[in-house]
Amino acid sequence: MKLEKTKNARRNILFGILNKVITMFLPFVVRSVIIYALSAEYLGLNSLFSSILQVLNLTELGFSSAIVYSMYKPIAENDDETICALLNFYRKIYFIIGCVVLSLGLLLLPFLDKLINGDVPDNINIYILYLCYLVNTVLSYMMFAYRSSLLNAHQRTDVISNINTITLGSMYFLQIIVLIATKNYYTYVLMMPAFTILNNLIVAAVSRKYYPQYECKGKLDSTLISGIKKQTAGLMVNKICAVSRNSLDNIFVSTFLGLAATAIYGNYYYIMNAIIAILMVVSNGLLAGVGNSIVTEPPEKNYSDLNKINFVYMWFAGWCTICLICLYQPFMKLWVGEKLMFPNVVAIAFGIYFYALEMGVVRGVYSDAAGLWWENRYRAIVETIANLILNYILVKCFGILGIIVATLISLLVINFGFGSQIVFKYYFKNKKLHEYFIYQMYYAFVTLVLGGATYYIVNSIKIDGVVGLALKFLICCCVPNILYVLAYHRTNEYKIAMPWILKIFHMDWLIRIICKGQR
């Protein structure tokens, strides 16, 4: 089976973005309600417990990604028997993972108070609250979570996005009502496991409707199991790296700087992560299609696609970076007030952090689609160790800024540099790595220049409040994108990528108008 990659990618991106807009806006409202109805310390507890459970989720080892990767070939070959065996194997492993997460989570109970620097709200029992978060995480594994792999492997993440939009949107709406009406934080938290069960049940029912031929039955041969174990081992190391980069940052902030600082850091990270989540819709929407292309197309064709996709992605990521740097502080001032803001240099550092994360995303899609997790293991180990050591040293010297700088160093030097080398060594073997680096440096330089110009214009506007923020956002939408067109319009990447993007979103008519005008 050859997937309809363009059609699926369009659906995945459109419905995925809709999902992210709704499921980011409502949590933003929830955070605002918590800040004003309760206190910032409640947000600090939320960030801390979420981070702890993300660390516990390491027991999943990235197993789901290995299973989805293992499905690409049997889907392309219409091998239903192997897919059923994979699904059966996945179900058993996920039940075991749920039990392990529960056990490890319970073992952490005696040490919870050691991870909190400062006072806890008087009416909160941190142990009961933590158990609510733990149960929610365990249920996410044990309640038919394995069925979502079918939708992911068939490049139908749009279905998952639509289900999440309904269930999570409903949950956040009810949480907002509960917080305003009762100010009861326990009721707010208890809604999480209830809606996790509902979401997983709907995903299971829909996946059975779409793919009734797949049931949990059969056994995998030893060769395939060995391959999955090897991929999972590599994924585990990579996942540890991702957790050390994100979740452990919150734990460091809480331990060294307190719950209030954790809440402020969480607010800034929440805004940045919201933009990352939107861009992840694009990368996740492409992943199964790229995996199918790697099975059915030669590396030369995929390298051409990599350059085309990367050009468009870095343009969009660069524009988002400029918006973050220019609008972070005006938005924070309007949202939470000056008392819950970091200095400007920290806001700029968050913007640079965002761009550094996004530089390797498209390359990462091809690395994941090619199953290069095992080959990435040493890169992930070195990055993890470097990040942890730098976090410990720099948070003592520079506080919050030290956390961000530590992550930036490990990202740029090890993740981007070493990670790119691995993809070119094992998949794009006949292509030159230095050409890829030159492209990325060029995109970063253009973004730096255009970002500086936009930042100067935005900061010359002395209007505050909603009107000022709206005016600054309008400038960020227009100025950098006009300048991007002027900077890129003569390049081959621009000439190749723009017709492709317009075609994806059914805007072929614009191509015809442009071509007619050029005659």
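Please read all numbers here as calculations on a predicted model, not as lab measurements.

From N to C terminus, the protein chain includes 20 helices and zero strands. Relative to its 519 residues, the protein chain shows a buried fraction of 54%. Sequence-distant contacts, at least 24 apart, represent 85% of the contacts inside the protein chain between residues at least 6 apart. As displayed, the protein chain has an accessible area near 23100 Å², and 67% of this comes from carbon and sulfur atoms.

Here the focus is the pattern of salt bridges. By the definition in use, this model includes five salt bridges. We note a salt bridge from Asp305 to Lys308, for which the minimum N-O separation is 3.6 Å. Linking Asp305 with Lys308, this pair stays in helix α12 (residues 299-335), spanning three residues, or about one helical turn. In this structure, Lys333 and Asp464 form a salt bridge, with 3.9 Å as the shortest nitrogen-oxygen distance. Taken together, the residues span a long stretch of sequence, with Lys333 in helix α12 and Asp464 in the loop between α17 (433-459) and α18 (465-488) at a distance of 131 residues. Residues joined by salt bridges that share partners form a network here, namely Lys301, Asp305 and Lys308.

Attention shifts here to unusual backbone geometry. We note that Lys183 has phi near 55 degrees; this positive angle belongs to a residue other than glycine. Along the polypeptide, Lys183 turns up in the loop between α7 (157-182) and α8 (185-210).

Within the secondary structure, His434 sits in helix α17. You can call His434 partly exposed: its relative accessible area is 45%. For the pair formed by His434 and Ser420, sequence separation is 14 residues and the distance between their alpha carbons is 10.0 Å.

Our next topic: the nonpolar core. Tyr265, Tyr268, Met272, Tyr328, Phe350 and Tyr353 are the most contacted members of the largest nonpolar core, which has 85 residues in total. Looking at this core, the element that brings in the most residues is α12, giving 18 residues. Of all hydrophobic cores here, the second largest spans 58 residues; its members include Tyr42, Leu87, Leu109 and Tyr130.

This part is about the confidence of the model for the protein chain. When pLDDT is averaged across the protein chain, the result is 80; 85% of the residues are at 70 or more. Low pLDDT, under 50, characterises residues 513-519; the stretch is placed with zero contacts to residues that sit more than four places away or in other chains.

With that settled, consider a nonpolar patch on the surface. A surface patch of nonpolar side chains, amounting to about 800 Å² of accessible area, comprises Phe256, Leu257, Tyr378, Ile381, Ile385, Ile389, Tyr392, Ile393 and Phe418. Breaking the nonpolar patch down by element, the ones donating at least two residues are α10 (247-257) and α15 (377-398). Structurally, Phe418 can be placed in helix α16 (residues 400-426). On the basis of relative accessible area, Phe418 is assigned to the partly exposed category, the value being 31%.

When you line up the elements, Gln329 lands in helix α12. Within polar-contact distance, the side chain of Gln329 engages the side chain of Tyr268 at 2.6 Å. Here the side chain of Gln329 touches Asn344 through a polar contact of 3.0 Å, side chain to side chain. Ignoring sequence-local partners within four residues, the contact set of Gln329 consists of Tyr268, Met341, Phe342, Pro343, Asn344 and Ala347.

Interhelical geometry of α7 versus α8 gives an angle of 160 degrees and a closest axis separation of 10 Å. The pairing of α7 with α8 is recorded here as roughly antiparallel in orientation. Here α7 runs over α8; the crossing is right-handed. Along its contact with α7, which presents Val159, Ile163, Asn164, Thr167, Ser170, Met171, Leu174, Gln175, Val178 and Leu179, the element α8 presents Thr187, Tyr188, Met191, Met192, Phe195, Leu198, Asn199, Ile202, Val203, Val206 and Tyr210.

Looking at the element boundaries, Thr447 is found in helix α17. One polar contact links Thr447 to Tyr484, side chain to side chain, over a distance of 2.7 Å. Residues within four places of Thr447 in sequence aside, it is in contact with Gly318, Ile322, Tyr355 and Tyr484.

Turning to the packing of aromatic side chains, a few remarks are in order. For the structure shown, the criterion picks out 32 aromatic pairs. On the basis of an interplanar angle of 65 degrees and a centroid distance of 5.3 Å, the ring pair of Tyr303 and Phe428 is categorised as edge-to-face. Of this pair, Tyr303 sits in helix α12 while Phe428 is found in the loop between α16 and α17, placing the two residues 125 residues apart along the sequence. Here Tyr303 and Phe428 have matching classes, each one buried.

What follows is about the packing of α16 against α17. Their axes nearest at 10 Å, the elements α16 and α17 cross at an angle of 140 degrees. Between α16 and α17, the crossing angle belongs to the class labelled oblique. The interaxial crossing formed by α16 with α17 has right-handed handedness. Each of Phe416, Gly417, Ser420, Gln421 and Phe424 in α16 lies in contact with α17, whose residues at this interface are Leu433, Tyr436, Phe437 and Gln440. Among the residues making up the contact of α16 with α17, the classes are represented as five nonpolar, four polar and no charged.

Turning next to the environment of Asn19. Relative to the assigned elements, Asn19 resides in helix α1 (residues 5-37). Note: C-alpha distance between Asn19 and Thr165 (146 residues apart in sequence) is 5.0 Å.

Here we come to helix α14 (residues 361-369). Most of α14 is tucked away: eight of the nine residues are buried. Those residues of α14 not exposed but buried are Val361, Val362, Arg363, Gly364, Val365, Tyr366, Ser367 and Ala369.

Moving on: the environment of Lys462. If you trace the backbone, Lys462 turns up in the loop between α17 and α18. We classify Lys462 as exposed; its relative accessible area is 68%.

Calculation notes
Residues numbered from 1 in each chain as written. Predicted model: local features only at pLDDT ≥ 70, side-chain atom pairs only at ≥ 80, totals over all residues. Heavy atoms only, no water. Helix = DSSP H or I, 4+ residues; strand = E, 2+ residues; numbered from the N terminus. Buried < 20%, exposed > 50% of the residue type's maximum accessible area, 1.4 Å probe, protein only. Contact = heavy atoms within 4.5 Å. Areas by Shrake-Rupley, 256 points an atom, 1.4 Å probe, with all protein chains shown as cover. Salt bridge = Lys/Arg side-chain N within 4 Å of Asp/Glu carboxyl O. Core = buried A, V, L, I, M, F, W, Y, C linked by side-chain atoms within 4.5 Å. pLDDT = per-residue confidence, 0-100. Patch = residues over 30% accessible without salt bridge, like charges linked within 9 Å, V, L, I, M, F, W, Y side chains within 5 Å. Polar contact = N/O pair within 3.5 Å; in protein donor to acceptor, adjacent residues only side chain to side chain. Axes fitted to C-alpha atoms, helices over the stretch in contact; angles between N-to-C directions. Parallel < 35°, antiparallel > 145°, perpendicular 65-115°, else oblique. Left-handed = near helix turned anticlockwise from the far one by under 90°. Phe/Tyr/Trp six-rings, centres within 6.5 Å; stacked < 30°, edge-to-face > 60°. Nonpolar A, V, L, I, M, F, W, Y, C, P; charged D, E, K, R; others polar.

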